[in-house]
Amino acid sequence: MKYLLHSVAFLLFLPVFSKAQESNYTKAKELVSKMSFDEKIDLVVGMGMKMGAMEMPGGAPNVGQTMDKVPGAAGTTFAIPKLGLPTTVVADGPAGLRIEPKRANDANTYYATAWPVGTLLASTWDVKLVEQVGKAMGNEVKEYGVDVLLGPGMNIMRNPLGARNFEYYSEDPLVTGKIAAAMVNGIQWNGVGTSVKHFAVNNQETNRMTVDAIVSERALREIYLRGFELVVKEAKPWTVMSSYNLLNGTYTSQSYDLLTTVLRKEWGFKGMVMTDWFGGKDAVAQMKAGNDLLMPGTPAQRKAITDAINNKTLDVKVLDENATRIVAYILSTPAFKNYAFSNKPDLKQHAVVAREAAANGMVLLQNNAATLPLANAKNIAAFGNTSYDFISGGTGSGDVNEEYTVSLVEGLQNAGYTVNADLKSIYSAYLYDYKAKHPKKSFLEEFVNPTPIASELLLEKAVINSKAATSDLAIITIGRNAGEGKDRVVVNDFNLTDAEQKLIDEVSTAFHAKGKKVVVIINAGGVIEVASWRTKVDAVLLAWQPGLEAGNAVADVLSGKVNPSGKLAVTFPVKYEDEITAKNFPGKEFKEKAVTGFMGQKEIPAEVTHEEGVYVGYRYYNTFNVKPAYEFGYGLSYTNFEYKNLKLSGSSFKGKLVVTVDVTNAGTVAGKEVVQLYVTAPTGKLDKPAEELKAFGKTELLQPGQSQTLQFVIEAKQLASFHTAATAWIAEAGTYTVKVGASSLAIKQTASFTVAKEILVEKCNKVLAPAVTINELKK
Ligand code: BGC
C-alpha cells in the first residue's frame, strides 16, 4: 500500500514539474537578458575545485565567492547576486551523497548513507524499491544543502573488468533505463536534481579521457543510448553529465549531434548538460554542442570562451542559450528557494531502507542440498579478510563517507549467531596491522595511487581443522574492490588469487570431512570467476557491495529472515576469455602519441572498437550458445515458482500487446519472483539476438500457494530494431515469440504473435556514424 500511494503521488507530481521547467525557462531567458557578458561566463564555467597541494588543471580558480557551502561536494556554480541567483552545489553520487563527514571547528558530523551500489540495486529488478531508495537518498541531498546529486551512473557493463561497473546497473539497456528512471524519480521527488552519467559509451576507465569509442549506429542506439533515452523520457532528470571519452571521433561533451540532435531534439530533454570533471578539450566546441556547464570550471575555459566571443568564432546567442538553461536549473533548486536545510537527515531511518534494499538485491547463486537458510548452524567459523572488513561500496567519486559499515561477523552476531572468537582475533590483528601500514590517504592521493586491499591471510591447516571440529559451518568471504581511474584485471582480480583458492580448498576439505557445510559470500561490485571453485562449496551468495548495513543484510538472507529474490542483471562467464568484448577491451593505445596531461598523468590516445555490435552480455551468450557460469537473469530462492497461463491480448500486433502470466509460489516459504519477458524477433533484414529482454516485473511477497498475475504492455518501439540504412526504428513483419521466464535461459512459457506489416516506429537523424567500417559480429 505504501508503494501504491507513493506511485500515485509521483504521477501527480511529474506533469507539474515539466510545466515548472517550461516556465523556468521563460523566466531564465529574461534574467539572462539582464546579465553582463562576464556574468554569463560566470554561469557556464563552474567555480573550480579545491585540490589540496595539487595544481588544478586549467589554472587555479580565482573566485571571490565561497566554494565551501558544503565541504566535500564536487562542485559549485557561481552566484549572480544582483539577480538573486545563488550558488548551487553538486555532489557525487551515485551510491549516496559524497561530502566531507567532518568540518573544521565544528563538532557536528555530516555522514551520509552508503547505499547498496548500482549493481545490487539493479539486481533487485524492483523499480518501487529503487524509487524508495532514491527518495531517501534525495532527502540527504536536500537536507545537507546540496542541489544536484551526480548520479545515477548508467553506462552499460560492456565488459566485466570495467572498474566502475559497481556504479552502473546492467549489461542490458532496458534494466539500466528502468532502474535509472526509478532512481531519478525517487531522488527528484524531493525537489533536488540528478545528473545521469556518463553520457555516453563510457564503459571503461583505461584511457578514459582519450579513448575513442568506435561504435556502429545500431549498437549505439540499441545498447548504449537506449537506457539514457528511457530515463530522459520517463523521469526527466534535471541534468545530464557528458562523458570523458570520444565517440566516433568527437568528444561527447563537444558533440552537437549527441547533446543537441539526439538528446534534445529527438528525445525532448529540457534540462542542462554539464561536463564530467575537466572533461573534453575545447570549451568553445562544448558551448556550441549544447554542453551548457563546464565543471568544475577553469580559468582557461573562461578565457577560451571570452576570446571566441570577442573574435566572433562563438555567437553570443549560443552562450545565451547555455546560460539560460543553467539559470532555468538554478530556479528549480532548493538553494534558489532558500530551503532551510537541517543538516540532520534521518540516517537511522535511511539505514533501515538501505538494509531492506541490500537484502533484496543479493543473488543466491548456488544452494546445494538446501544449505541455506542456516537451519541448525549456531557456531560459525568466518574465513576471509573481508568477513571482518566488509566492503560497502566501490572507490573513487562513487565512494561515500558513511559513519560505519556493519561487517559480516557483526551482522551474524547481531542476528544471534556465535562467531568463532579465535578466528576473529587472528583476522582482526592481521587487518589492524595492514591498516597501520597503509594509513588513509586523501581522496585525490587515493585516486592517483589507490591502496591495494590486504592480500588474503594464509591460515595454518591446523587452525582450519580445529575450527572444522568446533564450528557448525564455515563462511568464506571473497572481497573485491575497484573504482574510477583504473580498470580491473583478470589475474588476482577477476580470477581468484592462489591464496583464495587455497583457502576455499582447505576450508572445504576440512569442513566436509566433518560433514559440515561451506558457504561463500562474494562481496564485490562486479563479476568474478566462479566456475573453478563453486563445486567445492555448498552455497554461494552474491552480496555485491551492499552499503553500510552490509553484514546485517547478509545475515537477513543467510538466516532466512529475507528470502533472496535478487537476480543477475549481468552475465557471469565461465572464464574471462568467453567474453566477446575481451578481444576489444580496453582497446588499442597509440603510445607514440602520448602527452603529459590531466594531473601530470600520461595521456595516451586510444581507441576501442565495438566489434561485438549489439551482442553485449546475454545477447552474445544466448545467440552464440556460449554457456555462462550464471546467465543474465539468474538467481535462486528458498522457494520455487510456477508459471502458468501466459496470455497475449491478440495473435497479431495492433499498436500494442498486453501480456499476462500467472506466477505461483509452489514452495513452502514466502518469496518474491523476478519475472522476465524476452522476445525473439523474426529473421528479417537484420541480424538479431536470439532473445532480448522487453519487459520485467517482480511479484509481491507471495505466501506458499499464493499466485499473482503479472501484466506487461509491449509497444512497437520495444519490438523495433535500429535499421541503419533507414536511420529508423523498425519492427519487421513476421512471427515474434514471447518467452516469459525466470532467467534468460530458464524460459517457462512461450507464445507467439505476428506483425502483419513492417512498422516504421520512428525516423531518426543520421548522426554519430563511425568514420570507419566496423567488422561487426554476425550470427
Ligand atoms: C567522475 C564523475 C564525478 C566527477 C565529480 C569524475 O571524475 O567521472 O563521475 O561525478 O568526477 O566528482
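Residues numbered from 1 in each chain as written. Predicted model: local features only at pLDDT ≥ 70, side-chain atom pairs only at ≥ 80, totals over all residues. Heavy atoms only, no water.

Enquirer: Any chance you could break down the sheet that holds strand β7 (residues 211-214) for me, citing the residues and the numbers?
Expert: Read from one edge of the open sheet, 5 strands run β10-β9-β7-β21-β18, paired in mixed fashion. In this open sheet, the two edge strands, each paired with only one partner strand, are β10 (250-251) and β18 (588-589). Bridge analysis of β18 against strand β21 (residues 606-609) gives 2 bridges, and the strand direction is antiparallel. Of the residues in β21, the one forming a bridge with Lys 588 is Glu 607. (Pairing = 2+ DSSP bridges. Helix = DSSP H or I, 4+ residues; strand = E, 2+ residues; numbered from the N terminus.)

Enquirer: Before we move on, could you go through the pattern of salt bridges and cite the residues and values that matter?
Expert: On inspection of all chains with the given rule, the structure shows 48 salt bridges. Ionic pairing is found between Asp 556 and Arg 355, a salt bridge with its closest N-O pair at 2.8 Å. A residue pair is termed long-range when its members are at least 10 positions apart, and Asp 556 in helix α20 (residues 550-559) and Arg 355 in helix α12 (residues 347-361) qualify at 201 residues. Looking at Arg 355, the relative accessible area reads 25%, which means it is partly exposed. For the salt bridge of Lys 739 with Glu 691, the shortest nitrogen-to-oxygen distance reads 2.7 Å. (Salt bridge = Lys/Arg side-chain N within 4 Å of Asp/Glu carboxyl O. Buried < 20%, exposed > 50% of the residue type's maximum accessible area, 1.4 Å probe, protein only.)

Enquirer: Residues and numbers for helix α7 (residues 226-235), please.
Expert: In terms of burial, α7 is a largely internal element, 8 of the 10 residues being buried. Among all positions in α7, only Arg 226, Gly 227, Phe 228, Glu 229, Leu 230, Val 231, Val 232 and Ala 235 are buried. Backbone geometry just downstream of α7 places Lys 236 in the positive-phi region, at approximately 45°.

Enquirer: I'd like a rundown of the UniProt feature "domain: Fibronectin type III-like" (unreviewed entry) in the protein chain, residues and numbers included.
Expert: If you check UniProt for "domain: Fibronectin type III-like" (unreviewed entry), the listed places come out as residues 673-744 in our numbering. Taken end to end, residues 673-744 has its terminal C-alpha atoms 14 Å apart, with 6% of it in helix and 53% in strand. (UniProt positions renumbered as here; feature names shortened; annotations may be inferred.)

Enquirer: So, empty space enclosed by the protein: which residues are in play, and what are the values?
Expert: Per the counting criterion, the structure on display carries 7 cavities of 30 Å³ or more. The volume enclosed by the largest cavity comes to roughly 80 Å³. Lining the largest cavity are 13 residues, with Ala 163, Ala 482, Arg 488, Gly 525 and Gly 526 sitting closest to its centre. Taken together, the residues that form the lining of the largest cavity break down as 4 nonpolar, 7 polar and 2 charged. (1 Å grid on protein atoms, 1.4 Å probe; cavity = no way out; pocket = protein on both sides within 12 Å on 5 of 7 lines; lining within 4 Å. Points joined across faces, edges and corners; volume = space filled by probe spheres on them. Nonpolar A, V, L, I, M, F, W, Y, C, P; charged D, E, K, R; others polar.)

Enquirer: Now, about the confidence of the model for the protein chain: what can you tell me, with residues and values included?
Expert: Scored by pLDDT, the protein chain has a mean of 95; 98% of the residues are at 70 or more. This model gives residues 1-17 a pLDDT under 50, and the stretch forms 18 contacts once residues within four places in sequence are excluded. (pLDDT = per-residue confidence, 0-100. Contact = heavy atoms within 4.5 Å.)

Enquirer: Give me the packing of aromatic side chains: which residues, what numbers.
Expert: Tallied over the full model, the rule gives 19 aromatic pairs. Arranged with centres 4.9 Å apart and planes meeting at 15°, the rings of Tyr 388 and Tyr 427 form a pair that is stacked. With Tyr 388 in helix α13 (residues 385-388) and Tyr 427 in helix α15 (residues 421-437), this pair connects stretches of sequence that are 39 residues apart. Take Tyr 427: its relative accessible area is 0%, and that puts it in the buried class. Judged by centre distance (5.4 Å) and plane angle (75°), the rings of Tyr 620 and Tyr 621 are edge-to-face. In this structure, Tyr 620 and Tyr 621 share a single accessibility class: buried. (Phe/Tyr/Trp six-rings, centres within 6.5 Å; stacked < 30°, edge-to-face > 60°.)

Enquirer: Give me the lowdown on the pairing of strand β30 (residues 747-755), citing residues and values where you can.
Expert: Judged from the 8 bridges that link them, strand β29 (residues 734-741) and β30 form a sheet pairing that is antiparallel. By the bridge assignment for β30, Gly 741 is matched with Ile 747.

Enquirer: Now, about the packing of helix α4 (residues 127-143) against helix α5 (residues 173-188): what can you tell me, with residues and values included?
Expert: Put simply, α4 and α5 touch, their axes get as near as 6 Å, and they point 35° apart. Like other packed secondary-structure pairs, α4 and α5 cross with a definite hand, here right-handed. Contacts between α4 and α5 involve Val 127, Val 130, Glu 131, Val 133, Gly 134, Lys 135, Met 137 and Gly 138 on the former and, on the latter, Lys 178, Ile 179, Ala 182, Met 183, Asn 185, Gly 186 and Ile 187. Here the residues of the contact of α4 with α5 sort into 8 nonpolar, 4 polar and 3 charged. (Axes fitted to C-alpha atoms, helices over the stretch in contact; angles between N-to-C directions. Left-handed = near helix turned anticlockwise from the far one by under 90°.)

Enquirer: Which residues make up the pairing of strand β17 (residues 539-542), and what are the values?
Expert: Alternating residues of β17 divide into Ala 539 and Leu 541 and Val 540 and Leu 542, and every residue in both groups is buried. The pairing of strand β12 (residues 363-367) with β17 spans 4 bridges and is classified as antiparallel. When the sheet's bridge partners are listed, Val 363 is paired in β17 with Leu 542. Sheet topology places strand β16 (residues 517-523) next to β17; 4 bridges connect them, and they run parallel. For Ile 521, the partnering residue across the bridge sits in β17 and is Leu 541.

Enquirer: An account of the sheet that holds strand β5 (residues 148-150) is needed here, citing residue identities and associated values.
Expert: Strand order in the open sheet formed by 6 strands is β1-β2-β5-β6-β8-β11, and the pairing between neighbours is mixed. The sheet terminates laterally at β1 (75-76) and β11 (272-274), the two strands that pair on one side only. Lying on the sheet, helix α11 (residues 316-332) is in contact with β2 (89-92), β5, β8 (239-242) and β11; it crosses β11 at an angle near 105°.

Enquirer: Can you explain the nonpolar core? Please cite residues and give values.
Expert: Within the largest apolar cluster, 163 residues are counted, with the highest numbers of intra-cluster contacts made by Phe 199, Phe 383, Ile 522, Trp 533, Leu 558 and Phe 572. Ranked by residue count, the leading element in this core is α5, at 9 residues. In this structure Trp 533 touches Leu 496, Gln 501, Ile 504, Val 520, Ile 522, Ile 528 and Val 540, once residues within four positions along its chain are discounted. (Core = buried A, V, L, I, M, F, W, Y, C linked by side-chain atoms within 4.5 Å.)

Enquirer: Could you give an account of the packing of helix α2 (residues 37-44) against α11, naming the residues involved and the relevant values?
Expert: Closest axis-to-axis distance for the α2/α11 pair is 9 Å, and the angle between their directions is 60°. As the angle between them shows, α2 and α11 are arranged oblique. In this structure, α2 crosses over α11, and the sense of that crossing is left-handed. Here Phe 37, Lys 40, Ile 41, Leu 43 and Val 44 of α2 lie close against α11, whose contacting residues are Val 316, Leu 319, Asp 320, Asn 322, Ala 323, Ile 326, Val 327 and Ile 330. Of the residues contributing to the contact of α2 with α11, the split by class is 10 nonpolar, 1 polar and 2 charged. (Parallel < 35°, antiparallel > 145°, perpendicular 65-115°, else oblique.)

Enquirer: An account of the site of the ligand is needed here, citing residue identities and associated values.
Expert: Lining the immediate surroundings of the ligand are 14 residues, of which Asp 92, Arg 164, His 198, Asp 276 and Glu 484 lie closest. Within the contact set of the ligand, an oxygen atom lies 2.4 Å away from a side-chain nitrogen or oxygen of Asp 92. Here Arg 208 contributes a side-chain N or O atom positioned 3.5 Å from an oxygen atom of the ligand. Surface burial for the ligand is 94%, taken as the share of its 310 Å² of free accessible area covered by protein chains. When grouped by side-chain class, the residues that make up the shell around the ligand number 5 nonpolar, 2 polar and 7 charged. (Near = heavy atom within 4 Å. Polar contact = N/O pair within 3.5 Å; in protein donor to acceptor, adjacent residues only side chain to side chain. Areas by Shrake-Rupley, 256 points an atom, 1.4 Å probe, with all protein chains shown as cover.)

Enquirer: Before we move on, can you summarise helix α8 (residues 256-266) with the specific residues and values?
Expert: Among the 11 residues that make up α8, 8 are buried, leaving the element largely enclosed by the rest of the structure. Within α8 the residues assigned to the buried category are Leu 258, Leu 259, Thr 260, Thr 261, Val 262, Leu 263, Arg 264 and Glu 266. Just downstream of α8 lies Gly 268, where phi reads positive at about 80°.

Enquirer: Mind laying out the environment of Lys 102, listing which residues take part and the relevant values?
Expert: Of note, Lys 102 is situated in strand β3 (residues 102-103). Overall, the relative accessible area of 54% leaves Lys 102 in the exposed class. Spatially, the C-alpha atom of Lys 102 lies 9.7 Å from that of Asn 401, the residues being 299 residues apart in sequence. The contacts of Lys 102, once residues within four sequence positions are left out, are Thr 109 and Tyr 111.

Enquirer: Any chance you could break down unusual backbone geometry for me, citing the residues and the numbers?
Expert: Residue Phe 199 is joined to Ala 200 through a cis peptide bond whose omega torsion reads 5°. Positionally, Ala 200 belongs in the loop between β6 (193-199) and β7. A cis geometry characterises the amide bond from Met 295 onward to Pro 296, with omega recorded as -5°. Despite not being glycine, Phe 278 has its phi angle at roughly 65°, a positive value. Relative to the helices and strands, Phe 278 is located in the loop between β11 and α9 (283-289).

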